[in-house]
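Architecture and fold: a report
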Amino acid sequence: MNKRINRVASAVICAVFFIVMLSAPVFISTHANHNCTGEGCAVCASLRQCEEALNTGSAAAASQTAAPAAVFFTAPIQTGCTTDCICSPVQLKVRLLN
């Protein structure tokens, strides 16, 4: 039951993130040339919040993408294999003693 709740919660969070990342640029582009009322303009405040959401979301997405990429590219170096070979226990000279 707990796994189901976690899956539903993660799906809802992903959907909200997806909607925010798609709707923020649309809002910014449609309201870029508005009639600003001055310092307390609500549209300008909303535009700033959309820009912050995009910057935060893009930084989070970049960090989530960079970590697996770093592991993918550094794993063959750490094991001593190149990307051309298939690393097997025989090539790594590992004895499988049970």
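What this report covers is the structure whose coordinates are included nearby.

Re the overall build of the chain
Within the chain, the secondary structure is distributed over two helices and zero strands. Total accessible area on the chain stands at roughly 8,400 Å², and carbon and sulfur atoms take up 65% of it.

Section: a nonpolar patch on the surface
A grouping of Val-8, Val-12, Val-16 and Val-20 is seen on the molecular surface, where their side chains present a nonpolar patch of about 310 Å² in accessible area. Take Val-16: it is sitting in helix α1 (residues 2-30).

Details of the environment of Ser-29
Along the chain, Ser-29 turns up in helix α1. With relative accessibility at 54%, the residue Ser-29 sits in the exposed group. As for Ser-29 and Leu-47, which are separated by 18 residues in sequence, their C-alpha atoms are 9.6 Å apart.

Section: the environment of His-31
When you line up the elements, His-31 lands in the loop between α1 and α2 (42-79). Through-space distance from the C-alpha of His-31 to that of Val-43 is 7.5 Å; in sequence the pair is 12 residues apart. If we ignore the near neighbours within four places in the chain, the residues touching His-31 are Val-43 and Leu-47.

Topic: the state of the cysteines
For the structure shown, the criterion picks out zero disulfides. Considering cysteine sulfurs only, Cys-44 is the nearest to Cys-36, which forms no disulfide, with 3.6 Å between them. Taking the relative accessible area as the measure of exposure, Cys-36 reaches 46% and is therefore partly exposed.

Rules and cut-offs
- Residues numbered from 1 in each chain as written.
- Predicted model: local features only at pLDDT ≥ 70, side-chain atom pairs only at ≥ 80, totals over all residues.
- Heavy atoms only, no water.
- Helix = DSSP H or I, 4+ residues; strand = E, 2+ residues; numbered from the N terminus.
- Areas by Shrake-Rupley, 256 points an atom, 1.4 Å probe, with all protein chains shown as cover.
- Patch = residues over 30% accessible without salt bridge, like charges linked within 9 Å, V, L, I, M, F, W, Y side chains within 5 Å.
- Salt bridge = Lys/Arg side-chain N within 4 Å of Asp/Glu carboxyl O.
- Buried < 20%, exposed > 50% of the residue type's maximum accessible area, 1.4 Å probe, protein only.
- Contact = heavy atoms within 4.5 Å.
- Disulfide = S-S within 2.5 Å.

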